[in-house]
Amino acid sequence: MTTSPLLRRINNGNWLPREEAESLRAELYYQRAVHAYVTMLPALNLIGMRDGSEAEFGQGYHVLPIWKDRMDSRTWVPTPNADVIYSMSYLDLKRTGPLVVNAPANVIGMFTDFFQRTLTDVGAVGPDRGRGGLFLLLPPGYVGHVPGGYYTFESSTYNVFLFFRTIMGRGEHGPDPASAVAVAEQTRLFPLWEEEKDVPAMRFPNASGVRVNMMYPTDFAYWTKLKEFVDHEPVGAIAPELRGVLASIGIVKDRKFEPESWQRAQLERAVTDAPRMILAATQLGRADKRNYYYDDRQWEVAWCGATAEWMQETYLDIDARSRFFQYAYSSAPAMNIHTTGAGSKYPYTIRDADGEFLDGSNTYKLRLPPNPPAGLFWAVTAYNVTDGTMPETEQLLPSTNGYYDIPANEDGSIDLWFGPRQPEGVADTAFIQTVPGRNFVGVLRLYGTGAEFYDQTWRPDDLIRTI
């Protein structure tokens, strides 16, 4: 008797033993949960930031926390930038309806939906071209009147992220935040249809120096927060296939999420394993090597040759996207496209010149050639490899930048040092402290990137281990 291949392969055409069936069902549930974790991480990343910020600084479109004295290691958030002034807020268009943002001139920023897909850049690469202006943010599916006179964008999610960066001035001994704070505090927000007399005054709490946890959940709360997000957002915000994956683990819009004990065990397992899987894929590297800037150096590009939306030529680069949102946030065209004199670039390295992982127990020297191609400023920062937070040491700002008078070599190049202890004879402004026994990432920021970076006539050296 002849039988079909699948019939022969699966128990000779019979149902599986119950124990095997239950085991396979649990494994499939676990795999779906891992997939859900990886694909929903951009949203959970922002949810963690929003919840941590609002718990500490307050909620509402009129509340715009500003890190007025720079952001340091007391703020737990992925890859914080200590070298600009941050302003970040979380808007809910379901609550406010269409919302107007009066953005100041000379902002480097963006609005994104809660999957961190850019609605628009703000600033030199945005439609305002750095002059500032009125941005009108419409909720998904908005069918009301849309007045003229605004830069108008419709979000796919009710939740919208406002992220502004303002450039510090040069003080007597280093960067001076005052002018950047003054620019940020010119921001104004108000609902389009709200009467002027009912619009509350803006609040600009100083977020600097505050211990605040703005990280995404690392326990079962990941799933409960995800369920709240699914319930809040319109059906069209999530593609049907991904909704199917979420439904397969019990997360369906407007239905109760009540996992059984065996399901909860797999969800707990997935929220533990998935971030380790993402980290492992990064550690072992890409076969296509699209993540490297240079053929002969260790510097990498976070987008791996994809667009700001993580699109390669023929596919969505899920691996690059999930790693990015494990240790960073906010992907916008201004951060990714090859624009000169505006926008920014973020080469980073996890290895030294010998290809070994950077270790906070060791001391490294980084040489930057003369005249870094950064029309606005350059900066170098150290981060933890797992989640992009700053290493917590006595040096609250594990960063240095071109605002400081860093001693230069005879040829104009600059030597920067990483290590657990400051080497003898090295200036404070040239030293970044690391945590012994912990790996780290070194990030170079170039704001207002010059053509020399793109044509590679200016290239940073690798980090060289000296001790």
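A. Broad picture of the sheet that holds strand β11 (residues 188-191). Taking strand neighbours across the sheet as the criterion, the 4 strands line up as β7-β6-β3-β11 in an open arrangement whose pairing is mixed. One side of each edge strand has no neighbouring strand; the edge strands of this open sheet are β7 (151-154) and β11. Averaged over all pairs of adjacent strands, the angle between their axes in this sheet comes to 20°, without regard to strand direction. Here strand β3 (residues 99-103) runs beside β11; their pairing, made up of 4 bridges, is antiparallel. Across the sheet, residue Val-101 finds its bridge partner in β11, namely Leu-189.

B. Seen up close, the environment of Lys-227. By secondary structure assignment, the location of Lys-227 is in helix α5 (residues 221-232). Sequence separation of Lys-227 and Phe-257 is 30 residues, and the distance between their C-alpha atoms is 7.4 Å. When sequence neighbours within four positions are dropped, the list of residues in contact with Lys-227 reads Ile-251, Val-252, Asp-254, Arg-255, Lys-256 and Phe-257. For Lys-227, the side chain forms a polar contact with the side chain of Asp-231, separated by 2.7 Å. At 2.6 Å, the side chain of Lys-227 forms a polar contact with the backbone oxygen of Arg-255.

C. Examining the sheet that holds strand β4 (residues 107-113) more closely. Spatially, 4 strands are ordered β2-β8-β4-β5 in an open sheet, and the strand pairing comes out antiparallel. The open sheet has two free edges, formed respectively by β2 (85-92) and β5 (118-122), since each of these has just one partner strand. When strand polarity is set aside, the average angle formed by the axes of neighbouring strands in this sheet is 10°.

Cut-offs used in this document
- Residues numbered from 1 in each chain as written.
- Predicted model: local features only at pLDDT ≥ 70, side-chain atom pairs only at ≥ 80, totals over all residues.
- Heavy atoms only, no water.
- Pairing = 2+ DSSP bridges.
- Helix = DSSP H or I, 4+ residues; strand = E, 2+ residues; numbered from the N terminus.
- Axes fitted to C-alpha atoms, helices over the stretch in contact; angles between N-to-C directions.
- Contact = heavy atoms within 4.5 Å.
- Polar contact = N/O pair within 3.5 Å; in protein donor to acceptor, adjacent residues only side chain to side chain.

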